[in-house]
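# What the coordinates show
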Amino acid sequence: MAQWQQIQIQRENGEAVDAQAPIIVSASRSTDIPAFYADWFFHRLKVGYSAWTNPFNGLKSYVTYQNTRFIVFWSKNPLPLLNHLDYLEERNIGCYIQYTLNDYEKEKLEQGVPALQQRIDTFKQLVDKLGKGRVVWRFDPLILTDDISIDTLLAKIEYIGDQLQGYTEKLVFSYADILNYRKVKANLEKSHIPYHEWTEPQMLEFAKGLSALNKKWGFTLATCGEKVDLQQFGIEHNHCVDDALIIRFAYEDKALMDFLKVETFPMPVPNLFGESEPLPEDAIILPNNTYATRGDNRDKGQRLFCGCIVSKDIGEYNTCPHLCEYCYANTSKDAAVRNREEHRMNQFGETIKGM
């Protein structure tokens, strides 16, 4: 059965084609749309559709935004979104941002991103615009090298965390899994980065240190796509495309709530002794003295330990010119730069690459 409703649309050239009509859009795990392609994306949103090339078989397909109710943005530099967020509000389309805010400046692992302090300032501007909770801090991935130890990583996180206190509710992280990702391994080796694989004892050591730091912040701590169980340190498994977060911000959107199989209930009334019936374990507290439950929305097409719910990712690999040394989305830096130039020759074409 198709994941999304199929709708026939008319392309700009007049051709009629079938298109997927997702309720939730991911923009994007495959490239940094907010940093480099925000103008393209919002133009395509206004046009009503874009095209997407399957990375496995090379086939082109179409995505219509006719039914889209919510967008999850992923970025290392989402500053350009500030010019477009009012349009989402006009369209009554909700959003939140997964903001990867790392500090590898000294080691030059992310040479294409703005200076650290500028990115921290951007984080705060976005929170001021969207509200607390709608910008999620990611330090992802955590990389060990000859020059980066566990203590180094904890110091970097502490510096950023101290500045984001009051601006974020959550910190999401993952341990760099290099040997299982050929692109990551090849990119690091090509740049002569002396990387180390994480061992489980090291993962536990880091988690213990992070948990200690978090006593002054009170963030929710969560891992992205990790098998290791860190509950003893108060660290949960994350849902980056998160139905609980979407429900919290868009509970008045009936079409979206129907899609997520949401039911709402009044909060239990205490008895004479002040005792109430316990809420379901996964209850989401809403305003107006109500709470919500939802169905099983997990995207079973993702990695084994990924907790994301179903969404349609509209990005394309080999298009991100941040050129991070550990990149999993680019086969090579040259390919990413070349495709960025292709985009510039047709900035509002159907696909990110301008085709």
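Below: a short report on this structure. A quick note: this is a predicted structure, and the numbers were derived from the prediction, not measured. In this convention, every chain numbers its residues from 1, walking through the sequence in written order. Per-residue local features are limited, in this predicted model, to residues with pLDDT of at least 70; the limit for side-chain atom pairs, both in listing and counting, is 80 or more; totals at the level of whole chains, interfaces and linings are taken over all residues. Hydrogens and waters are ignored; side-chain quantities use all the structure's heavy atoms.

Further remarks concern the overall build of the protein. Secondary structure follows DSSP: runs of H or I at least 4 residues long count as helices, runs of E at least 2 residues long count as strands, and numbering of each begins at the N terminus. Within the protein, the secondary structure is distributed over ten helices and 17 strands. Each radius of gyration is computed over the set of C-alpha atoms, and the globule rule expresses the reference value as 2.2 Å times the number of residues to the power 0.38. For 355 residues, the compact-globule estimate of 2.2 N^0.38 gives 20 Å, and the C-alpha radius of gyration of the protein, at 21 Å, lies within 12% of that figure. Seen along its three principal axes, the alpha-carbon backbone of the protein occupies a region of about 70 × 55 × 35 Å. Of all 355 residues assigned to the protein, the portion counted as buried reaches 54%. Any two residues whose heavy atoms approach within 4.5 Å at even a single point are treated as in contact. Residue pairs in contact within the protein that sit at least 24 positions apart in sequence constitute 70% of those at least 6 positions apart. What sets the accessible areas is the Shrake-Rupley method with a 1.4 Å probe; for residues, cover comes only from the shown protein chains. Accessible surface for the protein amounts to roughly 17100 Å². Of this, 49% is attributable to carbon and sulfur atoms. Positive charges come from Lys and Arg, negative ones from Asp and Glu, while His and the chain ends are left out of the count. Charge coordinates come from a single atom per side chain, which is NZ of Lys, CZ of Arg, CG of Asp or CD of Glu. For the protein, the centre of its 39 positive side-chain charges and the centre of its 48 negative side-chain charges are spaced 4 Å apart. The buried label applies to any residue whose accessible area, calculated with a 1.4 Å probe on protein chains only, is under 20% of its type's maximum; exposed applies above 50%, and partly exposed to all values in between.

Basic side-chain nitrogens of Lys or Arg form a salt bridge, by our definition, when they fall within 4 Å of a carboxyl oxygen of Asp or Glu. One pass over the full model with this rule turns up 20 salt bridges. Residue K216 pairs with E158 through a salt bridge whose shortest N-O separation is 2.7 Å. One end of the pair, K216, is in the loop between α7 (200-213) and β12 (220-223); the other, E158, is in helix α5 (residues 150-164), with 58 residues separating them in the sequence. Given the relative accessible area of 29%, E158 is considered partly exposed. Here D258 makes a salt bridge to K254, at a shortest N to O gap of 2.7 Å. In this pair, D258 and K254 both sit in helix α9 (residues 254-259), four residues apart, roughly one turn of the helix.

What follows deals with the sheet that holds strand β14 (residues 263-266). A pair of strands is labelled paired if DSSP reports no fewer than 2 bridges between them. If you walk across this open sheet you meet the three strands as β14-β16-β15, and the pairing is antiparallel. One side of each edge strand has no neighbouring strand; the edge strands of this open sheet are β14 and β15 (284-286). Across the sheet, the axes of successive neighbouring strands diverge by a mean angle of 35°, strand direction being ignored. Note: β14 against strand β16 (residues 290-293), four bridges, orientation antiparallel. Its bridge partner lying in β16, P266 is registered against T290. An axis is simply a line fitted to the C-alpha atoms; with a helix, the fit covers only the stretch in contact. Between two such axes, the angle follows the N-to-C directions and lies from 0 to 180 degrees.

Put simply, buried Ala, Val, Leu, Ile, Met, Phe, Trp, Tyr and Cys residues joined by side-chain atoms within 4.5 Å make one nonpolar core. Grouped together as the largest cluster of nonpolar side chains are 70 residues, with contacts concentrated most on F41, F73, W137, Y175 and F206. In terms of residue count, the dominant contributor to this core is α5 (six residues). In this structure F73 touches A27, P34, F41, F42, L81, L88, C95, Y96, I97 and Q98, once residues within four positions along its chain are discounted.

Attention shifts here to the layout of surface pockets. Where empty space is left in the structure can be found by rolling a water-sized probe over the atoms. Counted as a void, the second largest pocket has a volume near 550 Å³. H239, D242, D243, A244 and R294 are the residues nearest the centre of the second largest pocket, which is lined by 24 residues in total. Broken down by secondary-structure element, the contributors of at least two residues to the lining of the second largest pocket are β8 (135-142) and α8 (243-250). Examining the composition of the lining of the second largest pocket, we find that four residues originate from one element, α8, more than from any other. Here a cavity means grid points, on a 1 Å grid over the protein atoms only, where a 1.4 Å probe fits yet cannot get out; a pocket means an open set of points with protein on both sides within 12 Å along at least five of seven lines; lining residues are those with an atom within 4 Å of a point. Grid points are joined across faces, edges and corners, and a volume is the space filled by probe spheres set on the points.

Another aspect to go through is the packing of helix α4 (residues 116-130) against α5. Orientation of α4 relative to α5, taken along the N-to-C sense of each, is 35°, at an axis distance of 10 Å. Between α4 and α5 the crossing geometry is right-handed. Facing L116, Q117, I120, F123 and K124 of α4, the residues of α5 in contact are Y159, I160, Q163 and L164. Residue composition of the contact of α4 with α5, grouped by class: six nonpolar, two polar and one charged. Should the near helix be turned anticlockwise from the far one by less than a right angle, the crossing is termed left-handed; should it be turned clockwise, right-handed. Gly is placed with the polar residues, together with every amino acid not listed as nonpolar (Ala, Val, Leu, Ile, Met, Phe, Trp, Tyr, Cys and Pro) or charged (Asp, Glu, Lys and Arg).

What follows covers the pairing of strand β10 (residues 170-175). Along β10, six of the six residues are buried, which leaves the element largely enclosed by surrounding structure. Residues of β10 alternate between two faces, with K170, V172 and S174 on one and L171, F173 and Y175 on the opposite face, all of them buried. Relative to β10, β8 runs parallel, the two being bridged by four bridges. Pairing of F139 across the sheet is with F173, part of β10. Pairing analysis gives four bridges linking β10 to β12, with the strands arranged parallel. Considered in β12, the bridge of L171 is made with L221.

We now examine the sheet that holds strand β6 (residues 70-75). The eight strands are arranged β13-β12-β10-β8-β7-β6-β3-β17 in an open sheet whose pairing can be described as parallel. Both outer strands of the open sheet, β13 (235-237) and β17 (312-313), are each paired with one neighbouring strand and no more. Where α4 meets the sheet, its contacts fall on β7 (94-100) and β8, and the angle it forms with β7 comes to roughly 165°.

The next thing to look at is empty space enclosed by the protein. All chains considered together, the criterion is met by one cavity of 30 Å³ or more. In this model, the largest cavity occupies a volume close to 40 Å³. Lining the largest cavity, in full, are Y96, Q98, V136, K170, N238, H239, C240, D242 and L245. Residues that form the lining of the largest cavity fall into these classes: four nonpolar, three polar and two charged.

Right, let's get into the packing of aromatic side chains. Ring geometry is summarised as follows: Phe, Tyr and Trp rings, the Trp one being its six-membered ring, pair when their centres sit within 6.5 Å, and such pairs are stacked at plane angles under 30 degrees, edge-to-face over 60 and tilted between the two. Going through the model one piece at a time under the given rule, you end up with 19 aromatic pairs. Geometrically, the ring pair formed by F41 and F73 is edge-to-face, given 6.0 Å between the ring centres and 90° between the ring planes. Separated by 32 residues along the polypeptide, F41 in helix α2 (residues 38-47) and F73 in strand β6 bring together distant segments of the chain. The class of F41 is buried, set by a relative accessible area of 0%. Here F173 and Y175 contribute two aromatic rings whose centre-to-centre distance is 5.6 Å and whose plane-to-plane angle is 80°, an arrangement assigned as edge-to-face.

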